[in-house]
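Observations on chain architecture
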Amino acid sequence: ISIIPRGIGALGYTIQRPTEDRFIITQEELANRIAVLLGGRASESLVFGEISTGAGDDLAKATEIARNMVTRFGMDQKLGQMTYEPERHHFLGEAAQMGWEPREFSEETAREIDCAVRDLVDTAFNTAKTVLTEERATLEKGAKLLLEKEKLNAEEIPKPRRRESAARRIAAG
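Predicted model only: the values in this text are computed from it and were never measured.

**Concerning the packing of aromatic side chains**
Here the structure, examined in full by the defined rule, presents one aromatic pair. Taking the centre distance of 5.7 Å and the plane angle of 90 degrees together, the rings of Tyr84 and Phe105 count as edge-to-face. Remark: Phe105 occurs in the loop between α3 (56–71) and α4 (107–134) and Tyr84 occurs in the loop between α3 and α4; sequence separation between them is 21 residues. Of the two residues examined, Tyr84 and Phe105, each falls in the buried class.

Here you go:
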């Protein structure tokens, strides 16, 4: 984790390195990735009582994961085991993807997709906020350490006081 600015628009960054090569990712793992991406935004909300544009890129990535869960991986119970959008190939880059593409589903289904994506992102944001609320002391300790050192590696990041994942407890009800 770093708070050292990198390039235009990046006031800091967090890098997560995979612990192993992954080709298959579960629905729970994807939901947890979204929650992690929204951690900065949730921290702002919790600590400052408002959000800023600082986590805009994380929000875009979280939304993309949620949209893929719904439209490509059939991970929404209401929309069922269907693919609504094909995998996008980056042959000509992002610019080639901008523009109109025909859809093979109704406006009603498009609305259901939008609602399902929003629900996934909102749930992940609430999960992140719940974890950070429960671990407020760890959050404060990490923030203080980051302000002192400006950069932390995995071994330096304060560990939560509990063993069980809050996300798992929340999912269990």
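Okay, back to it.
**What about the nonpolar core?**
In terms of nonpolar packing, the biggest core is built from 24 residues, with Ile34, Leu38, Val70, Leu79 and Ile113 touching the most fellow members. At the level of elements, α1 (27–37), α3 and α4 are the ones that each hand at least two residues to this core. The element best represented in this core is α4, accounting for nine residues. Contact partners of Leu38, with chain neighbours within four places excluded, come to Leu59, Ala62, Val121, Ala124, Phe125 and Ala128.

**Examining the pattern of salt bridges**
When their charged atoms lie close together, side chains carrying opposite charge are able to pair. What the rule picks out here adds up to four salt bridges. One salt bridge connects Lys61 with Asp57, and the closest N-O pair in it is separated by 3.1 Å. Linking Lys61 with Asp57, this pair stays in helix α3, spanning four residues, or about one helical turn. Among the residues examined, Asp57 registers a relative accessible area of 49% and is labelled partly exposed. A salt bridge links Arg67 to Asp114; the shortest N-O distance between them is 3.1 Å.

Cut-offs and rules
Residues numbered from 1 in each chain as written. Predicted model: local features only at pLDDT ≥ 70, side-chain atom pairs only at ≥ 80, totals over all residues. Heavy atoms only, no water. Phe/Tyr/Trp six-rings, centres within 6.5 Å; stacked < 30°, edge-to-face > 60°. Helix = DSSP H or I, 4+ residues; strand = E, 2+ residues; numbered from the N terminus. Buried < 20%, exposed > 50% of the residue type's maximum accessible area, 1.4 Å probe, protein only. Core = buried A, V, L, I, M, F, W, Y, C linked by side-chain atoms within 4.5 Å. Contact = heavy atoms within 4.5 Å. Salt bridge = Lys/Arg side-chain N within 4 Å of Asp/Glu carboxyl O.

The values are spatial; any link to function lies outside them.
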